[in-house]
Amino acid sequence: MILPISIIAFQIIALLVSITIESFLFRKQLHWTRQDSVQYVTAANLITSVILWLFLFGSEGQLPQWIRFRIISLILFSSSFESFDDIPIDPWIVIGFILTYVLVCFIKIKILDILKVSTQPIEDLSEQDITESDSTFVLRVRLAFSQDDREKNKTVFLGNLLSVIAVLGLMFLQLLFN
């Protein structure tokens, strides 16, 4: 069995950096407590990471052969780019990264909404949203998807952007020192 220790270590470091940056922004911009911001951001980042890894493994068969080879060699054999010239800049890859960024932000926003609604007592939920046929779980999920907190959404997009920049900076530092 091949255990990709380097990608696991990098994922842990990337998660720690992201959680730190995003929880700091949530605490400062949304005035959440330190504990709430760390708990919610940690849960959102962990769930998002699992979803993205599942998406990668589920869709890697659709990718071109050279990208599949590069992903496999990066994950399993810890190979990295030899130089900045070795990094392929293809418009489809750039579009894929942008779409992934938006998808990650959307997932994090909805996870935060679900977590926030799930911690509220059922009595605090709006009377108009409660029907006899809805279970508590269905009600909470429906309410979570109807949330629209623009300030939280902006904070998630900004925090995720700063996290991506920090992780890319770590990747470029690794490239420079290898």
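Because the structure is a prediction, the values reported are computed rather than measured.

### Some remarks on helix α2 (residues 34–59)
At 3.6 residues per turn, the α-helix brings residues three or four places apart onto the same side. For α2, spanning 26 residues, the distance from its first C-alpha to its last is 37 Å, which sits close to the expected 38 Å at 1.5 Å a residue. Turning to α2, its buried residues number three or more, namely Ser-37, Tyr-40, Val-41, Ala-44, Asn-45, Thr-48, Ser-49 and Ser-59. Along its buried surface, α2 packs onto α1 (5–29) and α4 (91–119).

### So, the side chain of Ser-59
If you trace the backbone, Ser-59 turns up in helix α2. Only 2.7 Å separates the side chain of Ser-59 from the backbone oxygen of Phe-55, close enough to count as a polar contact.

### Quick look at the environment of Leu-158
Considering the arrangement of structural elements, one finds Leu-158 in helix α6 (residues 150–177). Along the sequence, Leu-158 and Leu-25 sit 133 residues apart, while their C-alpha atoms lie 8.4 Å from each other. What Leu-158 contacts, discounting residues up to four positions off in sequence, is Leu-25 and Gln-29.

### Things to note about helix α5 (residues 136–145)
Three or more residues of α5 are buried, namely Leu-139, Arg-140, Leu-143 and Ala-144. Summarising the axial view, the buried residues of α5 lie within an arc of 130°, below the 170-degree limit, and thus occupy one face. The inward-facing, buried residues of α5 contact α4.

Rules of the game
- Residues numbered from 1 in each chain as written.
- Predicted model: local features only at pLDDT ≥ 70, side-chain atom pairs only at ≥ 80, totals over all residues.
- Heavy atoms only, no water.
- Helix = DSSP H or I, 4+ residues; strand = E, 2+ residues; numbered from the N terminus.
- Expected span 1.5 Å × (residues − 1).
- Buried < 20%, exposed > 50% of the residue type's maximum accessible area, 1.4 Å probe, protein only.
- Contact = heavy atoms within 4.5 Å.
- Polar contact = N/O pair within 3.5 Å; in protein donor to acceptor, adjacent residues only side chain to side chain.
- Arc of directions from axis to C-beta.

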